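Survey of secondary and tertiary structure
The chain contents come next:
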Amino acid sequence: MARPTRAVVDQLPASPDQTGLRRIRRLTEVYAYLSVTVFTLQLLFVGTGHERLVPILLVPVMLAAWRLWPDRAGWAVALMEGVIVHGAVFVLPNPAPVINFLFAVTMRRALFGSRERFPVKVVPAMLGYVSGFVAWISFKPVEVTGPLIASVVMPLMGLAVAALALHETVRSVRLMEDAHRTVEAVVRSSPIGLVLLDVFGAPRLHNDRARELLDWRGGESGRVPCPHGPDITHCERGCRAGDDPVEVHVTRADGTTGVLAVQAVPVEHVSERHTLVTALDVSKRRELEDALRTRAERDELTGLAGRTHFLHLVDEALRSGEAVGLLVIDLDGFKEVNDAEGHEAGDWYLVSAAERIGRAVGPVATAARLGGDEFAVLAPGHDVRDAARLATRVLSELARPLTGLGHDTVIRASVGIAVSSPGVGTADLLRDADTAMYVAKREGGGRIRLFRPEMGERVLARQRDKVDLRTAVSDGQLVLHYQPIVDLATSEAAGAEALVRWQRPGHGLLAPGEFIGLAEETGLIVPLGNKVLAGACEQAMRWREQGRALGVTVNVSTRQLSAPAFLPSLDRVLKTTGLPPERLTIEVTESVWADGAAMRGLMEVRETGVRVALDDFGTGYSSLSYLQRYPFDVVKIDRSFTNALAETGRTAGVVRCIIDLADVLGAHTVAEGIETQAQADWLRDAGCAYAQGYLFGRPDLAENWDAQPSVPH
């Protein structure tokens, strides 16, 4: 290991300018004291008259000031020097000692005095010399000649020029000295490591930061490495004089690692070929960049590939030219898990699904989370058969019982498969797989579907339906028809059920069965249901104002009922319309029992005074325990029972049991689908209170009902 030929920059030896300045100052100091001593002796032994005592007494005071304040002699000392010179001109027979004294004083002030006021503070001494010479001529008759004046003026001019030249020289050296100290302080405190390398790559100068970053131990200095070797000055791959820094990974003595950004630049205008190297610690920046890259490439929750990175991988796979299989996987029923168990359980459910998908595809494919509960698998080199086998493995792995929720759960999923063909792009392949997945989900979920071109046409039609339905909800294309609910004892209309229709341009009037499923799927059921509820309550108030004692029944979906905003929306409608709560009946199906959030919402609705009806009783999740625990005001008998009343005695027995059960629970019964008078008579005799069906009237616009409070015909 080569040793540096100079110490670190903190300990550089003084420059030649600094050394020369100190030598000049020392010689000037000696000369000044020697000149003053000789001057004082001449005053004492050669001077005449008692006047010489004044400068003799002032000289020790001046020397004391020099000693006490060597670098800042004030105006008092300057005036004292002027008085000494003025008096010496009188008492000395020859002006040479005075000029010598004046020269010593001026030179010393040029080196030690104030930098800015030096020319001004030497004026008193020179004026003392001139004034003393003028007074000397006045008191001693001497012929004033040119040589005499020249002998006085020329030394003063030479002294002034020499003093100014010396002062400027000293000032320049001091400026250089300040600049040197400034550069030294900057380099020493710099957070960047700085190293000056000679032609052999050995460090000639460096700061402490460089020693720390490069882990040079003790007093030894090593080479500066680069990514391609141990010496950056001899790198053959362009590290020296490169436009951008290169990154070097270093391992320190304590075992820690770091990343340095190192840049080497040739130093010009020097006698030898040198290289300046800067080293900056970028370890934290590299860690942040790696973390950001990981977050961009990986899904934060599951650890699978993220959407953006996954699509980039699909791009690369398609460019290879081989067949590419793409699976899109959507978990069935995830919303129910999330709503019933909470978001933490939902996240755990997603993580479990991700682990199983990753385990199923293994190293032959890449699994990703596209967002929400949707996953994808990229399978390069997989044709249709291989992709189908892979999808089967995924479903089998997902179907293994999951016990982390406190009960056994099976993860069901719908899988769509698309296999690339020449010219297909990433967006097209993903769209096709997503379309196939959508078809699998519409067919009931828990299955695999391979994309076929006709699927795309159906999906496009479905997309148009969604757009049109959204427009219908916002533009007033939904209309309400009302079917009477008749009191069987009086054959008078006791209420009406509001039934929504879609007046779709170009398609005519559509029944609910043709678009309610689409509304549920898209989430439009909530705004659609709110419009139906508001419209029905407004109509009930119009009937009330006309003197008709008609209540109104509105169907509410489970999804609408489980929405947090449903109860506030219901309160707002009742307050806005002024309809008494007991004149409104909310009708739900038995599926509400399977949704905890919907059941809680239903109980809150019942507490407001609004009546609750259970529709299609006996055809779904019928449970006596639920009926007992969550009482309803109305139980509706499904039309499948009433239509079969005349066929078997068993059906009649079932209907009679429903009527009796509702009576025990304190609820009224409403029979649906009544089309014959015989059905109506049987139900009235069996104790059924209300009925609706074509016998009493078909659903129709409110304005088409008769003006009388009787059943419309």
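Nothing here was measured: the structure is a model prediction, and the numbers come from that model. (Residues numbered from 1 in each chain as written. Predicted model: local features only at pLDDT ≥ 70, side-chain atom pairs only at ≥ 80, totals over all residues. Heavy atoms only, no water.)

It is worth spelling out the overall build of the protein at this point. Helix and strand counts for the protein stand at 24 helices and 19 strands. Considering the protein as a whole, with its 713 residues, one finds that 45% of them fall into the buried category. Counted over contacts in the protein with a minimum sequence separation of 6, partners at least 24 positions apart contribute 64%. (Helix = DSSP H or I, 4+ residues; strand = E, 2+ residues; numbered from the N terminus. Buried < 20%, exposed > 50% of the residue type's maximum accessible area, 1.4 Å probe, protein only. Contact = heavy atoms within 4.5 Å.)

Attention now goes to the pairing of strand β15 (residues 584-589). Each regular strand shows side chains that alternate between the opposite faces of the sheet. With respect to burial, β15 is a largely interior element, 5 of its 6 residues being buried. Pairing between strand β14 (residues 551-555) and β15: 4 bridges, direction parallel. Within the sheet, the bridge partner assigned to Asn 555 lies in β15 and is Glu 587. Crossover connection from β15 via helix α20 (residues 596-607) to parallel strand β16 (residues 611-617): handedness right-handed. (Pairing = 2+ DSSP bridges. Right-handed = clockwise from strand over helix to strand, strands pointing away.)

A few words now on the sheet that holds strand β9 (residues 413-419). What the 5 strands build is an open sheet, ordered β7-β8-β6-β9-β10; its pairing is mixed. Every other strand in the sheet has two partners, leaving β7 (366-371) and β10 (448-450) as the edge strands with one partner each. Pairs of neighbouring strands in the sheet enclose a mean axial angle of 20 degrees, with direction left out of account. As paired elements, β7 and strand β8 (residues 374-380) share 5 bridges and run antiparallel to each other. Across the sheet, the residue bridging to Ala 368 is Ala 376, located in β8. Sheet strands in contact with helix α10 (residues 307-319) are β6 (324-331), β7 and β8, and its direction is about 25 degrees off that of β8. (Axes fitted to C-alpha atoms, helices over the stretch in contact; angles between N-to-C directions.)

Now for a nonpolar patch on the surface. On the surface, Leu 41, Leu 44, Phe 45 and Val 46 cluster together to form a nonpolar patch covering roughly 400 Å² of accessible area. Mapped onto the secondary structure, Leu 41 falls in helix α1 (residues 16-45). (Patch = residues over 30% accessible without salt bridge, like charges linked within 9 Å, V, L, I, M, F, W, Y side chains within 5 Å. Areas by Shrake-Rupley, 256 points an atom, 1.4 Å probe, with all protein chains shown as cover. Salt bridge = Lys/Arg side-chain N within 4 Å of Asp/Glu carboxyl O.)

A few words now on the pattern of salt bridges. Where charged atoms from two side chains of opposite charge come close, those side chains can pair. Applying the stated rule across the entire model yields 19 salt bridges. Note that Arg 389 is salt-bridged to Asp 386, the shortest N-O span being 2.6 Å. Of the two residues, Arg 389 and Asp 386 both sit in helix α13 (residues 384-398), 3 residues apart, roughly one turn of that helix. Classification of Asp 386 as partly exposed rests on a relative accessible area of 23%. A salt bridge links Arg 449 to Glu 443, with the shortest nitrogen-to-oxygen separation between them at 2.6 Å. Each of Asp 330, Asp 332, Arg 412 and Lys 441 takes part in salt bridges that share partners, so that together they form one network.

With respect to topology, 5 strands assemble into an open sheet ordered β2-β1-β5-β4-β3, the strand pairing being antiparallel. Both outer strands of the open sheet, β2 (203-206) and β3 (246-251), are each paired with one neighbouring strand and no more. Taking the axes of each pair of neighbouring strands and ignoring which way they run, one obtains an average angle of 30 degrees across the sheet. In this sheet, strand β5 (residues 274-281) lies alongside strand β1 (residues 193-197) in antiparallel orientation, the contact comprising 5 bridges. In the strand pairing of β5, Leu 196 is matched with Leu 276.

As a further point, take α10. Along its 13 residues, α10 runs 19 Å from first to last C-alpha, staying within 8% of the 18 Å computed at 1.5 Å per residue. Every buried residue of α10 is listed here: His 309, Phe 310, Leu 313, Val 314, Ala 317 and Leu 318. Looking at the residues trailing α10, positive phi occurs at Gly 321, about 95 degrees. (Expected span 1.5 Å × (residues − 1).)

A word on the pairing of strand β11 (residues 478-487). Within β11, 8 of the 10 residues are buried, which leaves the element mostly enclosed by the surrounding structure. Sheet topology note: the β11/strand β12 (residues 492-504) ladder contains 10 bridges and is antiparallel. The residue of β12 that forms the bridge with Val 479 is Arg 501.

Its 21 residues give helix α17 (residues 525-545) an end-to-end C-alpha distance of 30 Å, which sits within 8% of 30 Å, the value for a rise of 1.5 Å per residue. Among all positions in α17, only Ile 525, Leu 528, Gly 529, Val 532, Leu 533, Gly 535, Ala 536, Cys 537, Gln 539, Ala 540, Met 541 and Trp 543 are buried. Phi turns positive, to about 90 degrees, at Gly 547, one or two residues after α17.

Evaluation of the coordinates by the stated rule reveals 4 aromatic pairs. The interplanar angle of 80 degrees and the centroid separation of 5.8 Å between the aromatic rings of Trp 502 and Phe 515 together place this pair among those described as edge-to-face. Linking Trp 502 in strand β12 with Phe 515 in the loop between β13 (508-510) and α16 (516-522), this pair joins segments that are 13 residues apart in sequence. Residue Trp 502 shares its accessibility class with Phe 515, and that shared class is buried. (Phe/Tyr/Trp six-rings, centres within 6.5 Å; stacked < 30°, edge-to-face > 60°.)

Counting residues in each nonpolar core, the largest one holds 72 residues, and the members touching the most others are Leu 469, Tyr 482, Leu 561 and Leu 584. Counting residues per element, this core draws most heavily on α17, which supplies 9 residues. Leu 331, Val 337, Val 361 and Val 377 belong to the second largest nonpolar core, which has 29 residues in total. (Core = buried A, V, L, I, M, F, W, Y, C linked by side-chain atoms within 4.5 Å.)

Here we come to the packing of α10 against helix α14 (residues 426-442). Remark: α10 packs on α14, axes separated minimally by 9 Å, with the N-to-C direction vectors making an angle of 110 degrees. Classified by the interaxial angle, the pair formed by α10 and α14 is roughly perpendicular. For α10 against α14, the interelement crossing comes out right-handed. Of the residues in α14, those touching α10 at Arg 307, Leu 311, Val 314, Asp 315 and Leu 318 are Thr 426, Leu 429 and Leu 430. (Parallel < 35°, antiparallel > 145°, perpendicular 65-115°, else oblique. Left-handed = near helix turned anticlockwise from the far one by under 90°.)

The next subject is unusual backbone geometry. Despite not being glycine, Ser 491 shows a phi value in the positive range, around 60 degrees. Tracing the backbone through its elements, the reader meets Ser 491 in the loop between β11 and β12.

What follows is about the packing of α14 against helix α15 (residues 453-475). Where α14 meets α15, the closest approach of the two axes is 10 Å, and the angle between their N-to-C directions is 75 degrees. Classified by the angle their axes make, α14 and α15 are roughly perpendicular. The residues of α15 that touch α14, namely those facing Thr 435, Ala 436, Tyr 438, Val 439 and Arg 442, are Met 455, Gly 456, Arg 458, Val 459, Arg 462 and Lys 466. Of the residues contributing to the contact of α14 with α15, the split by class is 5 nonpolar, 2 polar and 4 charged. (Nonpolar A, V, L, I, M, F, W, Y, C, P; charged D, E, K, R; others polar.)

By themselves, these figures tell us nothing about what the structure is for.
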